[in-house]
Amino acid sequence: MNEQITERTPVVIAAEINRIKQQTCKIMLTNAIEVGKRLKEAKALLPHGEWGKWLIESVSYSQRTANRLMQLFEEYGDKLFASIGDGGSSNSSALTNLTYYQALLLLGIPEDEREKFILQHDVKDMTSRELDQTLKERNQTAPEKVQAQVTPIPNNPQDIKIEYITVKKTDKPKSGPKTAVPSTFTTEYEEKCAACCKTIADTFYELLIALGQLARLDPAVKEKCSKDASRLAENMVERLKEWPPVVKTNMKVETYAIHERW
């Protein structure tokens, strides 16, 4: 009996599970890109104003999910499909080793730097958590930072466009008072604010879809929900105008001289 039997230990089982998870995430990325390609095709064919309704009724996707899938296709599609088609011998073969979650995290890196980063850091052997930490460290130490610009889309006032631009620390404002170079904490909270704005915009769009459905099913309930949403929005606007609140006090502050006694 020369047949070797691998002992079933928790370590062996964990290795097998992690391997299966990684394979699944690679399949998820390929399929997500294929879906994103078709979503972009459908969006181009639909009449103006029908996109959100079609997403909900036909494929059960939110606007946020659809945008993410289309972005994956736009950022990775052509290169990944070209690499797979030539057996991975192209310059973009590094992309074929990415998992779905790795690809999402790497969207924060400009396209012209992404493949170099993947090769330098051996991303294929990283967990999503390790990659996320590496990207955070990169943003903290890089001489340039990625800044989010949030602008409304003229033809679709319910949508916003978020662009990520690279800003050099040596760049000086064209006008206005001199400002200090943002600290790491400033950059972190600036990015947090941009992410929150995008979440609010995506949720608002989903709210409009839900109100549209209610308008057909029960106009009275729709009216109630619409008023509730309006009150919330008005409250949010007022809070933003005065935030953070100025601390006020009626206490009088007096200064006393303190004499040291030996």
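The sections below set out a description of the structure shown in this document. Along each chain, residue indices are assigned from 1 in the same order as the chain's sequence is written. Restriction of local features to residues with pLDDT of at least 70 applies here, the model being predicted, together with a cutoff of 80 or more for giving and counting side-chain atom pairs; totals for whole chains, interfaces and linings are based on all residues. The side-chain values count all of the structure's non-hydrogen atoms but skip hydrogen atoms and water molecules.

Here we look at the environment of tryptophan 51
Phase 1: Numbering of helices and strands runs from the N terminus; a helix is a DSSP stretch of H or I covering at least four residues, while a strand is a stretch of E covering at least two. Relative to the elements of secondary structure, tryptophan 51 occurs in helix α2 (residues 51–59).
Phase 2: Contacts are assigned to residue pairs that have any heavy atoms within 4.5 Å of one another. Excluding its chain neighbours within four sequence positions, the residues that come into contact with tryptophan 51 are Leu39, Ala42, Lys43, Leu46, Gln63, Ala66, Met70 and Tyr205.
Phase 3: Two N or O atoms form a polar contact when they lie within 3.5 Å of each other; inside protein one atom must be a possible hydrogen donor and the other a possible acceptor, and for residues adjacent in sequence the pair counts only when both atoms belong to side chains. In this structure the side chain of tryptophan 51 is engaged in a polar contact, spanning 3.4 Å, whose partner is the side chain of glutamine 63.

Some words on helix α1 (residues 10–45)
Phase 1: The end-to-end C-alpha separation of α1 is 52 Å, in line with the 52 Å expected for 36 residues at 1.5 Å each.
Phase 2: Type-normalised accessible area, obtained with a 1.4 Å probe on protein chains alone, sets the label of each residue: buried when under 20%, exposed when over 50%, and partly exposed for intermediate values. Residues of α1 that are buried: Cys25, Leu29, Ala32, Ile33, Gly36, Leu39 and Ala42. Expected helix span is computed as 1.5 Å times (number of residues minus one).

What about the nonpolar core?
Phase 1: Formed by 29 residues in total, the largest nonpolar core has its most connected members in Trp51, Leu72, Tyr76, Leu98 and Leu106.
Phase 2: For this core, the secondary structure elements donating two or more residues are α1, α2, α3 (63–85), α4 (100–105), α5 (111–120), α6 (128–141) and α7 (184–217).
Phase 3: Of the residues forming this core, the biggest block, seven residues, is contributed by α3.
Phase 4: Excluding residues within four positions of it along the chain, leucine 72 makes contact with Leu29, Ala32, Ile33, Gly77, Tyr100, Ala103, Leu104 and Leu107. As used here, the term nonpolar core means buried Ala, Val, Leu, Ile, Met, Phe, Trp, Tyr and Cys residues forming a set that is joined through side-chain atoms within 4.5 Å.

Regarding the environment of phenylalanine 73
Phase 1: Positionally, phenylalanine 73 belongs in helix α3.
Phase 2: When its relative accessible area of 15% is taken as the criterion, phenylalanine 73 is described as buried.
Phase 3: Between the C-alpha atoms of phenylalanine 73 and leucine 39, which are 34 residues apart in sequence, the distance is 9.6 Å.

Points about the environment of alanine 103
Phase 1: Its place among the elements puts alanine 103 in helix α4.
Phase 2: Looking at alanine 103, the relative accessible area reads 0%, which means it is buried.
Phase 3: Residues alanine 103 and cysteine 25, spaced 78 residues apart in sequence, show a C-alpha to C-alpha distance of 10.0 Å.
Phase 4: Ignoring any residue separated from it by four or fewer positions in sequence, one finds alanine 103 in contact with Leu29, Leu72, Tyr76 and Leu98.

So far we have only geometry, and geometry alone does not tell us how the molecule works.
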